[in-house]
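# Breakdown of the fold
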Amino acid sequence: RDIGVTGVQTCALPIYKQSGNWASGNLYHADLPDRMANQMLDWDAPVDESMASRLMSAVHKNEKLNPSDFEDALGLSDSYYGQPEDGRAIYKLLSGSLKSDAEASEFLRNAGIPGIKYLDAGSRGQSGTGTRNFVVFPGEEKRVKILKRE
C-alpha cells in the first residue's frame, strides 16, 4: 500500500515548512503492508466483531482494566443494542482507564494491533471513503518500508 499525499499537499508542504508554523518532523511516503493496515484500529468506524473480540480478550488479561467498562463500548454486552463505538472512542476509553495515551498505544500493540488509521482531512464527511493516514505504534515501524522523506 503506497501511503503518500496528493499533488496539492506535496506542493504546499515546502511553503508550509517555510511559513514558520512547521515546528519539526517529516512527511513520509511509505509502503505499508496491506495485512498491517487491515489490523489497525479504525479511528473513524465502529469496531468490527473481530477487533472487538481481540480487544476484549486483551482487556480480560489486563488487571488495570474493568471488562464491564468495555463490553458496551465494543458491542458485546447482551443489554447493549446500539452499534459498537468507533476506534476513537475505544482509544479514549483505554487512555482514560490506563491513565495515558502511551499506555493505551502499548496495550493495543500488545493486543496485536500495530497502529491507528484515520481518514485524512480531505476525506472526512464522505461516509468512510477517501484516503487515510496511518499511525504506527513504536516497535512496529520495522514492518514499514520508507520510500521517501520530506
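Structural notes, computed from the coordinates.

What counts and what doesn't
- Residues numbered from 1 in each chain as written.
- Predicted model: local features only at pLDDT ≥ 70, side-chain atom pairs only at ≥ 80, totals over all residues.
- Heavy atoms only, no water.
- Phe/Tyr/Trp six-rings, centres within 6.5 Å; stacked < 30°, edge-to-face > 60°.
- Helix = DSSP H or I, 4+ residues; strand = E, 2+ residues; numbered from the N terminus.
- Buried < 20%, exposed > 50% of the residue type's maximum accessible area, 1.4 Å probe, protein only.
- Pairing = 2+ DSSP bridges.
- Contact = heavy atoms within 4.5 Å.

### Section: the packing of aromatic side chains
- Under the counting rule described, the total for this entry stands at one aromatic pair.
- Seen in terms of ring centroids, Trp-43 and Tyr-91 are 5.8 Å apart; in terms of plane orientation they differ by 50 degrees. Their pairing is tilted. Of this pair, Trp-43 sits in the loop between β3 (41–42) and α3 (49–61) while Tyr-91 sits in helix α5 (residues 87–98), and the two are 48 residues apart along the sequence.

### Remarks on the pairing of strand β4 (residues 115–119)
- Counted residue by residue, β4 has four buried out of five residues, so it is predominantly covered.
- As judged from the two bridges shared by β3 and β4, these two strands associate in the parallel manner. Its bridge partner lying in β4, Leu-41 is registered against Ile-116.

### Quick look at the side chain of Ser-95
- In this structure, Ser-95 sits in helix α5.
- With a relative accessible area of 10%, Ser-95 lands in the buried category.
- Those residues in contact with Ser-95, other than ones at most four positions away along the chain, are Ser-100, Asp-101 and Ala-104.

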